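Coordinate analysis (summary)
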Amino acid sequence: MFFRSRDPEARAAWYREHLGIDAGADAVWNQGEGMTVFAPFPHDSDYFPAEQSFMLNLRVTGLDALAARLEAAGIEVERRAEWETDYGRFVRNHDPEGLPLELWELPE
């Protein structure tokens, strides 16, 4: 995934510090086997902010602990009862440049 950033180094450092993702031009990320979703949404969808053309959805383990670490670092984490689904559990936050991030923990 490639995306533009006003401050690529700071944004990469945020992802590394808070989500454990080694980001950058030379970074390679091996993900574990599992579902990956590629889903275009209608232009008028309210699933994520209209001013954003995409939302990054990341599969995680230990969602509650990760959310607590983000909150302890002063990062707002949004939870909704309807995000507890048969597909797993979800929370949302935003990166430093406002990109919506959905953190997804698969059901056991």
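Before reading on, note that the structure itself is shown above.
About the cut-offs
- One numbering rule holds for all chains: residues counted from 1, following each sequence as written.
- In view of the model being predicted, local features appear only for residues whose pLDDT reaches at least 70, and side-chain atom pairs are presented and counted only at 80 or more, with totals across whole chains, interfaces and linings using the full set of residues.
- The basis for every side-chain value is the complete set of non-hydrogen atoms in the structure, without hydrogens or water.
- Throughout this description, the term salt bridge denotes a Lys or Arg side-chain nitrogen within 4 Å of a carboxyl oxygen of Asp or Glu.
- Exposure classes here rest on a 1.4 Å probe applied to the protein chains alone. A residue is buried below 20% of its type maximum, exposed above 50%, and partly exposed in between.
- Working definition: helices are DSSP H or I runs of at least four residues, strands are E runs of at least two. Numbering for both runs from the N terminus.
- We define a polar contact as two N or O atoms separated by no more than 3.5 Å, with the added condition that, inside protein, one atom must be a possible hydrogen donor and the other a possible acceptor, whereas residues neighbouring each other in sequence contribute only through side-chain atom pairs.
- Contact criterion: two residues are considered in contact whenever any of their non-hydrogen atoms come within 4.5 Å of each other.

1. Overview of the pattern of salt bridges
Considering all chains together, one arrives at 10 salt bridges under this definition. Its salt-bridge partner being E71, residue R79 comes within 2.8 Å of it at the nearest N-O pair. A relative accessible area of 44% places R79 in the partly exposed class. Between R89 and E84 there is a salt bridge whose closest N-O contact spans 3.8 Å.

2. Things to note about the side chain of R92
Along the chain, R92 turns up in strand β3 (residues 88-94). Residue R92 is classed as buried on the basis of its relative accessible area of 9%. Engagement of the side chain of R92 in a polar contact is seen with the side chain of E102, the distance being 3.0 Å. Apart from residues lying up to four places away in sequence, R92 is in contact with Y47, F48, M55, E76, V77, E78, W83, L101 and E102.

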